[in-house]
Amino acid sequence: MRRDHFTLTATQTDSSDEGVPTLVLRYSGPGGNLTARLEDGAGQVPDGTDIDAAFRLQTPVDDPDASGVFSISRRLTGEYVFEASAAAETVLDVVAAAREESGEYRLRIERPGSTPVDLELETLLVYDPAGELLRQQSLIPSGVEL
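These lines cover the structure that appears in this document, whether it is placed above or below. Keep in mind the model is a prediction, meaning the values are calculated, not measured. (Residues numbered from 1 in each chain as written. Predicted model: local features only at pLDDT ≥ 70, side-chain atom pairs only at ≥ 80, totals over all residues. Heavy atoms only, no water.)

**Brief notes about the sheet that holds strand E1 (residues 6-11)**
Strand pairing in a sheet relies on backbone hydrogen bonds. The paired strands run either parallel or antiparallel.
Thinking step 1. The sheet built from 4 strands is open, its strands ordered E1-E2-E6-E7 with mixed pairing. Of all strands in the sheet, those bounded by a partner on one side alone are E1 and strand E7 (117-121). For this sheet, the mean inter-axis angle between neighbouring strands, taken without regard to orientation, is 20°.
Thinking step 2. Here 5 bridges tie strand E6 (residues 105-110) to E7, and the two strands are oriented antiparallel to one another. (Pairing = 2+ DSSP bridges. Helix = DSSP H or I, 4+ residues; strand = E, 2+ residues; numbered from the N terminus. Axes fitted to C-alpha atoms, helices over the stretch in contact; angles between N-to-C directions.)

Pasting the structure below:
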């Protein structure tokens, strides 16, 4: 799967919008590839407790056209699932909106020919280009130590 098979957008990020802030990941690559990557050994798609999301900037966060790589991995094993190129504004808008609301956001993964996967998440770690955690731009639940 290639990064250019994915498009990441954000919804419900404005304070006047109703609903949970959501990152929408649309996959346009070969059918079945994403589903195969998402499913565990038992053929089940993950829920929010099984997945970690991260965003690593490729340009400085204050760059008006900042961009980076959004990635998903399995929480227990750290196994990489996929990554997608994304505008920093998309990810940071969801982080800001989630902070204003309940501290949670949704990741909706849309796959060709399959039902979308909706994951309810509380954590989204944002890293600078050197790999340093940007705590102020990350969504980290209270009580979590990193």
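**As for the sheet that holds strand E4 (residues 67-74)**
Thinking step 1. Pairing is mixed across the open sheet formed by 4 strands, whose spatial order is E5-E4-E3-E8. The open sheet has two free edges, formed respectively by strand E5 (80-87) and strand E8 (125-127), since each of these has just one partner strand. Averaged over all adjacent pairs, the angle separating strand axes in this sheet is 20°, with direction ignored.
Thinking step 2. Relative to E8, strand E3 (residues 51-57) runs parallel, the two being bridged by 3 bridges. Each bridged residue has a counterpart across the sheet, and for Phe-55 the counterpart in E8 is Val-126.

**Quick look at helix H2 (residues 88-100)**
Thinking step 1. Taking 1.5 Å of rise per residue, the 13 residues of H2 would be expected to cover 18 Å, and the 18 Å separating its terminal C-alpha atoms lies within 8% of that figure.
Thinking step 2. Listed in full, the buried residues belonging to H2 are Ala-88, Thr-90, Val-91, Val-94, Val-95, Ala-97 and Ala-98.
Thinking step 3. Of the surrounding elements, those touching the buried residues of H2 are E1, strand E2 (22-27), E3, E4, E5 and E6. (Expected span 1.5 Å × (residues − 1). Buried < 20%, exposed > 50% of the residue type's maximum accessible area, 1.4 Å probe, protein only. Contact = heavy atoms within 4.5 Å.)

**Let's talk about unusual backbone geometry**
Thinking step 1. If you check the backbone angles, Gln-12 has positive phi at about 55° while not being a glycine.
Thinking step 2. Position of Gln-12 among the secondary structure elements: in the loop between E1 and E2.
Thinking step 3. Of the residues examined, Gln-12 reaches a relative accessible area of 28% and is grouped as partly exposed.

**Notes on the environment of Pro-64**
Thinking step 1. Secondary-structure assignment places Pro-64 in the loop between E3 and E4.
Thinking step 2. Its relative accessible area of 78% is what places Pro-64 among the exposed residues.
Thinking step 3. The sequence separation of Pro-64 and Ala-88 amounts to 24 residues, and the corresponding C-alpha distance is 9.1 Å.

**Brief notes about the side chain of His-5**
Thinking step 1. Tracing the backbone through its elements, the reader meets His-5 in the segment before E1.
Thinking step 2. Residues within four places of His-5 in sequence aside, it is in contact with Arg-26, Tyr-27, Ser-28, Gly-29 and Pro-30.

**Focus on the pairing of E6**
Here is the key point about a regular strand: its side chains alternate between the two faces of the sheet.
Thinking step 1. Here E6 shows one buried face, formed by Tyr-105, Leu-107 and Ile-109, and one open face, formed by Arg-106, Arg-108 and Glu-110.
Thinking step 2. Across 5 bridges, E2 lies against E6 in parallel orientation. Considered in E6, the bridge of Thr-22 is made with Arg-106.
Thinking step 3. Hairpin connection from E6 to E7: 6 residues lie between these consecutive antiparallel strands, with Gly-113 at a positive phi of about 75°.

**Examining the packing of aromatic side chains**
Two numbers describe a pair of aromatic rings. These are the distance of the centres and the angle of the planes.
Thinking step 1. Scanning all chains against the criterion turns up 2 aromatic pairs.
Thinking step 2. Measuring from centroid to centroid gives 5.1 Å for Phe-6 and Tyr-27, while their planes differ by 45°, and the two rings are tilted. Within this pair, whereas Phe-6 is found in strand E1, its partner Tyr-27 is found in strand E2, the two being separated by 21 residues in sequence. Here Phe-6 matches Tyr-27 in class, with each residue buried.
Thinking step 3. On the basis of an interplanar angle of 15° and a centroid distance of 5.0 Å, the ring pair of Phe-6 and Phe-82 is categorised as stacked. (Phe/Tyr/Trp six-rings, centres within 6.5 Å; stacked < 30°, edge-to-face > 60°.)

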